Amino acid sequence: MFKSRIPYLSLVFIIFLVSCEKENIQPEIKRGLIAEKAMVVSAREEASKIGLEIIRKGGNAFDAMMATEMALAVTYPFAGNLGGGGFAVYRLANGEIGSIDYREKAPLAADKDMYLDENGEFLPQLSTKGALASGVPGTIAGIFEAQDKYGKLTPQEILQPVIDLARNGFVITENQAQRLQRVKAVVVEVNGPETFFNQDIEAGDTIKIPVLAATLERIAKNGRDEFYKGETARILAKHMQDKGGIITEEDLASYEAVWRDPVVFDYRDLRVISMAPPSSGGITLGQILKMIEPYDLKNLGHHSTEYIQILVEAERRAYADRNYFLGDPDFVKIPINQLLDADYLKSRMESFSWEKATKSEDIAQGEILFSESLETTHYSIVDSEGNAISITTTLNGGYGSKLFVDELGFFMNNEMDDFSAKPGTPNMFGLIGADANSIAPGKRMLSSMTPTLVEKEGKLWMVVGTPGGSTIITSVLQTILNVAEFGMGMQEAVEAPRFHHQWLPDLVNFEPESFDSLLIRSLKAKGYLINEGNSPVIGKVDAILVLPDGRLEGGADPRGDDRAAGF
């Protein structure tokens, strides 16, 4: 009896498939939080809610930027900051676009050999840990500059909920508790046993930082100059020098955020607006998208061998250019138009073959002489007026240089490690690279941060970005492609497994336990070198998609504590 039912069940299944095809029934798209008017997506629920509340009170995206950024500084000291920097790309409701660069700068006493020993060998500890690793912070300058130009509320109105949050406390998550336990010994080593974070912190604990509340109160009252020229500046400069750093009051007083023209390019029917140097994000993203544009990605299939091949080969070539040509545009000339030229990019792909992997050494421009840490944070905002901002901010490493300014309540960055500490050294192929990103006084270090906006049919379509060091660019790339080429919803696109290649080391990194073993074997057979070790999580994307009916869908990455808030 059981055997005789099999053909019948098969026939029913076939009829079902045919009827679905005839009626063009699409598989249900997984959606994130849907909102009618406004949305904030960030690494912490408290930050997203405070940013959204500022919009409810009549503020706009630039007011919410200030609130969200400072709320992350309170609740997410791993990467949220007063002592770091970042980039923001915006699109006003009328279609006007722009960006602001508040990346950290090298102190005036910095020099290109400051992390080398007497034999010229690189001393990595000096550029990653302690006061000497810090660049001059830009975060306060950036959020005040943007809010002053486009915001609607006063800084006091915006910052009061953040001050209350620091004073009344926030709840530690399981992820936070684990990170704080791991970093505790180094924080004590750098700051001494009396430092604030030398305490046992468990998940569920409420942490209050009254000294940070006091710092934020002074900044709210006195404005950005409190941080750069006031009492806060004096305390910060003295603390840095007492701890062996070189940041002075002059460094702080001379810091300015810079308005820059974003990198803008087309991909199929989309217009992509991303960050220009000293971020490498926009140019590198543009190069990859333009190199893969001639190929029918949808037909190749999501995460097929061929799809991964074409992305890896484009990434390989774009990252080779990134590490050779890009740096601070105020110090080096960058051939942006040539790097994004269609003929040039076509020539870059001429050596690509479906049959076997290209070797990175065959197309390398120079050896990677610097690394970039994974511990950044991103947040995306769309307000009820239709203004949108994509913001990525960082201390570089998790908790930055691990130097906690106990008198002020925040960690300092270790952004100096993003410079090429030993430029001009020939690589194994005799090529010299990375001189564009050498250390110089007042210079901004190169970054992979890629805050990005995407337009479709002349209207805002997506706000996207992620932390993840050198994997930022490829994570943003794949998130855009997941929606544009494969019809995913924003949440589904954010959650999809990711892979990464960055030219050197010549390895394809896959998110652990997320890709089929047959796929891996297929790529190996073509000569691709696969990282068999435990790859880090590739990006932690927070994004917003404007749906066809005008509503907003938030994509908050479940790889962290990230949350969307909207109304």
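What you see is a predicted model; the values in this text were computed from it and never measured. (Residues numbered from 1 in each chain as written. Predicted model: local features only at pLDDT ≥ 70, side-chain atom pairs only at ≥ 80, totals over all residues. Heavy atoms only, no water.)

Moving on: the sheet that holds strand β11 (residues 388-394). With antiparallel pairing, the seven strands of this open sheet are ordered in space as β7-β4-β3-β11-β10-β2-β20. The outermost strands of the open sheet, each flanked by one partner alone, are β7 (258-260) and β20 (563-566). Geometrically, the sheet is characterised by an average inter-axis angle of 15° between neighbouring strands, direction not taken into account. Strand direction decides the pairing type here: strand β10 (residues 376-382) and β11, joined by seven bridges, are antiparallel. (Pairing = 2+ DSSP bridges. Helix = DSSP H or I, 4+ residues; strand = E, 2+ residues; numbered from the N terminus. Axes fitted to C-alpha atoms, helices over the stretch in contact; angles between N-to-C directions.)

Running from amino to carboxyl end, helix α2 (residues 45-56) crosses helix α6 (residues 155-168) at an angle of 150°, the nearest separation of the two axes being 10 Å. By the angle between their axes, α2 is roughly antiparallel relative to α6. The two elements α2 and α6 cross, and the hand of that crossing is right-handed. Residue-level contacts link E46, I50 and I54 of α2 to E157, I158, P161, V162 and L165 of α6. When the residues that make up the contact of α2 with α6 are grouped by side-chain class, the tally is six nonpolar, no polar and two charged. (Parallel < 35°, antiparallel > 145°, perpendicular 65-115°, else oblique. Left-handed = near helix turned anticlockwise from the far one by under 90°. Contact = heavy atoms within 4.5 Å. Nonpolar A, V, L, I, M, F, W, Y, C, P; charged D, E, K, R; others polar.)

Looking at the protein as a whole, its pLDDT mean stands at 90, while 90% of the residues score no less than 70. For residues 1-23, every residue scores under 50 in pLDDT, and the model assigns this stretch one contact once sequence neighbours within four places are set aside. Confidence drops under pLDDT 50 across residues 424-433; counting only partners more than four residues distant or on other chains, this segment forms 22 contacts. (pLDDT = per-residue confidence, 0-100.)

Next up on the list: helix α18 (residues 472-484). Counted at 1.5 Å a residue, the expected span for α18 with its 13 residues is 18 Å, and the 18 Å between its end C-alpha atoms agrees. Within α18, twelve of the 13 residues are buried, which leaves the element mostly enclosed by the surrounding structure. Those residues of α18 lying buried are I472, I473, T474, S475, V476, L477, Q478, T479, I480, L481, N482 and V483. (Expected span 1.5 Å × (residues − 1). Buried < 20%, exposed > 50% of the residue type's maximum accessible area, 1.4 Å probe, protein only.)

The topology assignment puts T471 in the loop between β15 (459-464) and α18. Its relative accessible area of 6% is what places T471 among the buried residues. Beyond its immediate sequence surroundings of up to four residues, T471 is in contact with H500, I538 and G539.

In this section: the environment of N198. Along the chain, N198 turns up in the loop between α7 (174-191) and β6 (206-207). Its relative accessible area of 29% is what places N198 among the partly exposed residues. Separated by 312 residues in sequence, N198 and F510 have C-alpha atoms that sit 36 Å apart. For N198, the residues in contact, after removing those within four places along its chain, are K184, V188 and P193. Within the local environment of N198, its side chain forms a polar contact with the backbone oxygen of P193, the two atoms lying 2.8 Å apart. (Polar contact = N/O pair within 3.5 Å; in protein donor to acceptor, adjacent residues only side chain to side chain.)

Our focus in this paragraph is empty space enclosed by the protein. Enumeration according to the criterion identifies three cavities of 30 Å³ or more in this entry. For the largest cavity, the calculated volume is near 70 Å³. For the largest cavity, the lining is made up of 14 residues, of which A73, P77, G409, F410 and F411 are closest to its centre. When residues of the lining of the largest cavity are traced back to their parent elements, those giving at least two are α3 (61-75) and β13 (410-411). Broken down by class, the residue content of the lining of the largest cavity amounts to eleven nonpolar, three polar and no charged. (1 Å grid on protein atoms, 1.4 Å probe; cavity = no way out; pocket = protein on both sides within 12 Å on 5 of 7 lines; lining within 4 Å. Points joined across faces, edges and corners; volume = space filled by probe spheres on them.)

One pass over the structure, following the stated rule, counts 31 salt bridges. Here E231 and R218 are joined by a salt bridge, their closest N and O atoms 4.0 Å apart. One end of the pair, E231, is in helix α10 (residues 231-242); the other, R218, is in helix α8 (residues 210-222), with 13 residues separating them in the sequence. Residue classification places R218 among the buried positions, given a relative accessible area of 18%. Across the salt bridge formed by D562 and K540, the nearest N and O atoms sit 3.0 Å from each other. In this pair, D562 is assigned in the loop between β19 (552-556) and β20 and K540 in the loop between α20 (517-525) and β18 (542-546), connecting sequence segments 22 residues apart. For the pair D562 and K540, a shared accessibility class is recorded, and that class is buried. Look at the salt bridges and you will find they share partners, linking D101, R260, D330 and R444 into a network. (Salt bridge = Lys/Arg side-chain N within 4 Å of Asp/Glu carboxyl O.)

To continue, consider helix α12 (residues 281-292). With twelve residues, α12 ought to run about 16 Å at 1.5 Å a step, and its terminal C-alpha atoms sit 17 Å apart, in line with that. α12 sits mainly inside the fold: eleven of its twelve residues count as buried.

This paragraph deals with the pairing of strand β9 (residues 270-274). Summarising burial for β9: four of the five residues are buried, a large majority. Where strand β8 (residues 263-267) lies against β9, five bridges are found, and the strand directions are antiparallel. What sits directly across from Y267, in β9, is L270. Joining the antiparallel neighbours β8 and β9 is a turn of two residues, in which R268 adopts a positive phi near 50°. For β9 and strand β14 (residues 452-456), the ladder comprises five bridges, and the chain directions are antiparallel. Across the sheet, residue R271 finds its bridge partner in β14, namely E455.

Let us now look at the environment of H239. Tracing the backbone shows H239 in helix α10. Along the primary structure H239 and G281 are separated by 42 residues, whereas in three dimensions their C-alpha atoms are 33 Å apart. With residues near it in sequence (within four places) discarded, H239 still touches L403, F404, V405, D406 and E407. Separated by 2.9 Å, the side chains of H239 and E407 make a polar contact.

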